[in-house]
Amino acid sequence: MKTSSDPVIKPWVPAWLIKVTIFMVIIPSMCLFGLSSANSNAAAGFYGFEPNDVQYSMAVFYAAVTSFFALERRFFDYVAVKEYLLLGAIVQIAASYICYVTHTLPVLLVFRFVQGMANCSISSICITLIFRQLHGERAREIGYSVFFGMLLCVSQLTMMTTSPLLETFDFNVLYKGVMFLLIPGTILLYFLLRDGRLSNKSHLYNLDWQSFVIYATLLLLIGYILIYGQQYYWFEDQRLTWSLVGVVVCLLLHVARQHHLKRPYLSLDVFTYRNFQVGAVLIFAFYILRGTLNVTNNYFAFALGMDPTHIAYMLAANSAGIICMAFVTSRMIVVQKPMRFILMGGFGLMLIFHIWMRLLFTIQANEWTYLLPLFIHGAGAGMLMAPIILYMVSAVPAQLGGVASATGVFFRYLGSCCSIALINYFALLKQTIHFDRFQQHLSEVDPITVQNLSTLKRGFIAKGIAPEQATKMATAMINRTVRVQSQLRFSMDYYEMLSWCILVIILLIAVYPYLNRTIVNVKSNQPAPASF
């Protein structure tokens, strides 16, 4: 039986066992990311929060991962791997328990942030161990495919596994489930590891915790503005105005501090490389396009009446597209296919999805109709995620690879929050416009409206409902139909707008002269920066 050759793993451990154990640890940690968005209505109903509060809890978790990324490497290099794994798991389990028992929003947000920090630590150990098991070129290719595929599928996987549970249990039970799933994998991995480190030991003196606080505050305020902006009418509300002031102050402090420090927390030198800037724009655009899947999910729920479990199974087609194309794309990267070809292909698939879905938005449809478009969306995501991140890391010198990766996480966070803000803004704007237009055609003198009301009323009366109640129910049915039609028109308009944006991106990729000057190389034995 083949055993692992990694010196931090005990020599008798089979290679398959260490791989299975790593995934037993990393999957529960990654599922915490998508926990808030798995069923936002169930979360809001259980805690008594607004839907935007649930979205912000996800943004807080993401902000913790993004801001703690650079500081975490210092702890990773200082603490031995077994102790670091145990510390991260204990913090994760403790934070999950508090999220399980609390019903207060501030407490939940604080410990969602703690969860994000612990998640960063556990993921750092697991990802490093994964890539230490891969030695050949083909093996590293599969490693990239597995990791980025997991990262893209985590929301769908979480929704698929939690939706059946939420039909029987309260939402907070999901946090208890994460605790119990994390414990056995952590214990097993702890006993499979030797005493040692995954990197050279470094000391913890001169920890730049001040930059971490400034950067985390900046990210939290950006997320707060983008997620709550539409609810509070943007800068008409003093909370958002002062938040914007805080963003400006924190941004200036962050930039000034990084220029002043001899060893900056996140070096701004990465922005001096032209192709890194291109990659940052592309990953930002990609995450906005990824967010359009939420519009499709809302359409499934509101217009077609699907329950969360049904929607989760529909999204299995999207996950299949991600997995298939992630493997294909990783092979393209290994054989050094032109980056222009890969990016144009990925955004081209996204364009096909948006145009196709715009044509499929209707009040009645067969669910099988949407499986192929969802697969195409997943294929486009799988074709773009890994190449863009690797492209950004490859666009800078090796010593800035970690900084490029950490900065890339910032643009992914920003793209996710901007996607939520755009959907909230255009949903209210477009649905209001279309609702008013539809209402103009509904009146007591409109013959079609009168005929529909009479038909509905007679149907209710035939079922034994009193005439007065039947009239109210018929009117409510008409109003619901108008709301559904308004939602459909918003979805169509939003997808049409993004289709034009994708077309512009494809044209810019086609004509940008320096795109292929950065060579993406995954043959190196040190893939850690890109792996994040």
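The structure this text deals with has already been given above.
Let me sum up the structure you'll find in this document. Since the structure is predicted, the reported quantities are computational estimates derived from the model, not experimental observations.

### What about the overall build of the protein chain?
Part 1: Secondary structure assignment for the protein chain yields 20 helices and 0 strands.
Part 2: Taking all 532 residues of the protein chain together, the buried fraction comes to 53%.
Part 3: Looking at the protein chain alone, contacts between residues at least 24 apart form 84% of all its contacts between residues at least 6 apart.

### Here we look at unusual backbone geometry
Part 1: Positioned with a positive phi, Tyr233 is a non-glycine residue whose angle comes to about 60°.
Part 2: Along the chain, Tyr233 turns up in the loop between helix H9 (209-228) and helix H10 (238-260).
Part 3: Residue classification places Tyr233 among the exposed positions, given a relative accessible area of 55%.

### Notes on the packing of helix H1 (residues 15-31) against helix H6 (residues 105-132)
Part 1: Interaxial distance between H1 and H6 falls to 10 Å at its minimum, and their mutual angle equals 145°. Note on packing geometry: the crossing formed by H1 with H6 is left-handed. Seen from H1, the contacting residues are Ile22, Phe23, Val25, Ile26, Ser29 and Met30; seen from H6, they are Asn119, Ile122, Cys126, Ile127, Leu129 and Ile130.
Part 2: Looking at the contact of H1 with H6 residue by residue, the classes come out as 10 nonpolar, 2 polar and no charged.

### Let's talk about the state of the cysteines
Part 1: Applying the stated criterion across every chain yields a total of 0 disulfides.
Part 2: For the unlinked cysteine Cys324, the closest cysteine sulfur is that of Cys153, found at 9.9 Å.
Part 3: The structure places no disulfide on Cys418, whose sulfur is separated from the nearest cysteine sulfur, that of Cys417, by 7.1 Å.

### Quick word on the side chain of Thr329
Part 1: Relative to the assigned elements, Thr329 resides in helix H14 (residues 316-334).
Part 2: Of note is the side chain of Thr329, whose polar atom sits 2.7 Å from the backbone oxygen of Met325.

### With respect to the packing of aromatic side chains
Part 1: Following the criterion strictly, the structure yields 25 aromatic pairs and no others.
Part 2: Consider the rings of Tyr190 and Phe191, whose centres lie 5.5 Å apart with planes at 90°: the pair is edge-to-face.
Part 3: Among the aromatic residues, those joined into a cluster by ring pairs are Tyr299, Phe300, Phe353, Phe361, Tyr370 and Tyr495.
Part 4: Over the aromatic face of Tyr190 sits the side chain of Lys82, whose NZ or CZ is 4.4 Å from the ring centroid.

### As for the nonpolar core
Taken as a class, soluble globular proteins show a tendency for nonpolar side chains to be buried jointly.
Part 1: Counting 162 residues, the largest nonpolar core has Tyr175, Phe286 and Phe347 as the members making the most contacts within it.
Part 2: The element that contributes the greatest number of residues to this core is helix H17 (residues 401-440), accounting for 15 residues.

### As for the pattern of salt bridges
Part 1: Counted by the stated rule, this structure contains 3 salt bridges.
Part 2: Across the pair Arg239 and Asp237 runs a salt bridge whose closest N-O atoms are separated by 2.9 Å.
Part 3: Linking Arg358 and Glu496 is a salt bridge whose minimum nitrogen-to-oxygen distance equals 3.3 Å. Of this pair, Arg358 sits in helix H15 (residues 339-360) while Glu496 sits in helix H19 (residues 467-511), and the two are 138 residues apart along the sequence.

### Concerning the packing of helix H11 (residues 274-290) against H15
Part 1: With their axes 12 Å apart at the nearest point, H11 and H15 run at an angle of 25° to one another. The pairing of H11 with H15 is recorded here as roughly parallel in orientation. Handedness of the crossing formed by H11 with H15: left-handed. Residues Leu282, Phe286 and Leu289 of H11 lie in contact with H15, whose contacting residues are Leu343, Phe347, Met350 and His354.
Part 2: When the residues that make up the contact of H11 with H15 are grouped by side-chain class, the tally is 6 nonpolar, 1 polar and no charged.

### Brief notes about the environment of Val13
Part 1: Here Val13 lies in the segment before H1.
Part 2: Put simply, Val13 and Leu193 are 180 residues apart on the chain and 9.2 Å apart in space, counted from C-alpha to C-alpha.

Conventions adopted
Residues numbered from 1 in each chain as written. Predicted model: local features only at pLDDT ≥ 70, side-chain atom pairs only at ≥ 80, totals over all residues. Heavy atoms only, no water. Helix = DSSP H or I, 4+ residues; strand = E, 2+ residues; numbered from the N terminus. Buried < 20%, exposed > 50% of the residue type's maximum accessible area, 1.4 Å probe, protein only. Contact = heavy atoms within 4.5 Å. Axes fitted to C-alpha atoms, helices over the stretch in contact; angles between N-to-C directions. Left-handed = near helix turned anticlockwise from the far one by under 90°. Nonpolar A, V, L, I, M, F, W, Y, C, P; charged D, E, K, R; others polar. Disulfide = S-S within 2.5 Å. Polar contact = N/O pair within 3.5 Å; in protein donor to acceptor, adjacent residues only side chain to side chain. Phe/Tyr/Trp six-rings, centres within 6.5 Å; stacked < 30°, edge-to-face > 60°. Lys NZ or Arg CZ within 6 Å of the ring centre and 35° of its normal. Core = buried A, V, L, I, M, F, W, Y, C linked by side-chain atoms within 4.5 Å. Salt bridge = Lys/Arg side-chain N within 4 Å of Asp/Glu carboxyl O. Parallel < 35°, antiparallel > 145°, perpendicular 65-115°, else oblique.

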